[in-house]
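# Geometric and topological summary
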Amino acid sequence: MASFAKIGLNGGVIEVHSISNDVLKDANGVEQEKLGIDFLTQQTHWPIWKQTSYNTQGGVHKLGGTPLRKNHAGIGHKYDEDRDAFIAPKPFNSWVLNEDTCLWEAPVTKPEDNKNYVWNEDNQTWDLIDNS
């Protein structure tokens with residue numbers, strides 16, 4: 001299945017639709033994004049669509065394929081035309097966008113000790129969750 005994000009005002013993702021990959025294939029069997037956009041425009045009468053991939057995160061395709069638009073689109077995400085990327089909503093005011101991955105990053109690195117942490121915006125720290 002191929003996924004497409006319906007783009008609204010200011011690049012906002014309104015919906016994400018899946019369609020058969022066969023819809024994308026041209027006469028030579030090569031997948032073309034434009035064919036998916038044309039199909040969805042005809043079906044929905046909405047003109048602005050961008051293809052997205054469930055397997056793309058942080059500019060990496062999880063299955064080794066070609067990454068598509070940095071991240072999979074979700075409702076509430078933004079499509080950034082300059083970066084040709086989908087960007088999730090900013091989770092906290094202190095977090096900054098990594099320009100390479102288009103993922104938000106905390107100003108302090110999360111500990112990597114296999115324990116559970118939650119971000120504390122007030123203190124700008126990773127607080128350990130007590131699971132006892």
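Higher on the page you've got the structure.
Residues numbered from 1 in each chain as written. Predicted model: local features only at pLDDT ≥ 70, side-chain atom pairs only at ≥ 80, totals over all residues. Heavy atoms only, no water.

Moving on to the sheet that holds strand β2 (residues 13–19). One open sheet holds the three strands; their spatial order is β2-β1-β3, and the pairing between them is antiparallel. Where the open sheet ends on each side, the last strands, each with one partner, are β2 and β3 (49–52). Averaged over all pairs of adjacent strands, the angle between their axes in this sheet comes to 30°, without regard to strand direction. (Pairing = 2+ DSSP bridges. Helix = DSSP H or I, 4+ residues; strand = E, 2+ residues; numbered from the N terminus. Axes fitted to C-alpha atoms, helices over the stretch in contact; angles between N-to-C directions.)

With that settled, consider the side chain of Asn-98. For Asn-98, the position within the fold is in the loop between β8 (96–97) and β9 (104–105). A polar contact is formed between the side chain of Asn-98 and the backbone nitrogen of Asp-100, at a distance of 2.7 Å. Among the polar contacts made by the side chain of Asn-98, one reaches the main-chain amide nitrogen of Thr-101 at a distance of 3.0 Å. In this structure, Asn-98 is in contact with Leu-103 and Glu-105, ignoring residues within four places of it in sequence. (Polar contact = N/O pair within 3.5 Å; in protein donor to acceptor, adjacent residues only side chain to side chain. Contact = heavy atoms within 4.5 Å.)

Scanning the model with the defined rule gives six aromatic pairs in all. Look at Tyr-79 and Phe-86: their rings are 5.4 Å apart centre to centre, the planes differ by 55°, and that puts the pair in the tilted class. Exposure remark for Tyr-79: the relative accessible area of 11% places this residue in the buried category. Assessed through its relative accessible area of 0%, Phe-86 is described here as buried. Clustering of aromatic rings is evident, with ring pairs tying together Phe-92, Trp-95, Trp-119 and Trp-126. Across the ring face of Trp-46, the terminal group of Lys-6 is positioned such that the distance to the ring centre comes to 4.6 Å. (Phe/Tyr/Trp six-rings, centres within 6.5 Å; stacked < 30°, edge-to-face > 60°. Buried < 20%, exposed > 50% of the residue type's maximum accessible area, 1.4 Å probe, protein only. Lys NZ or Arg CZ within 6 Å of the ring centre and 35° of its normal.)

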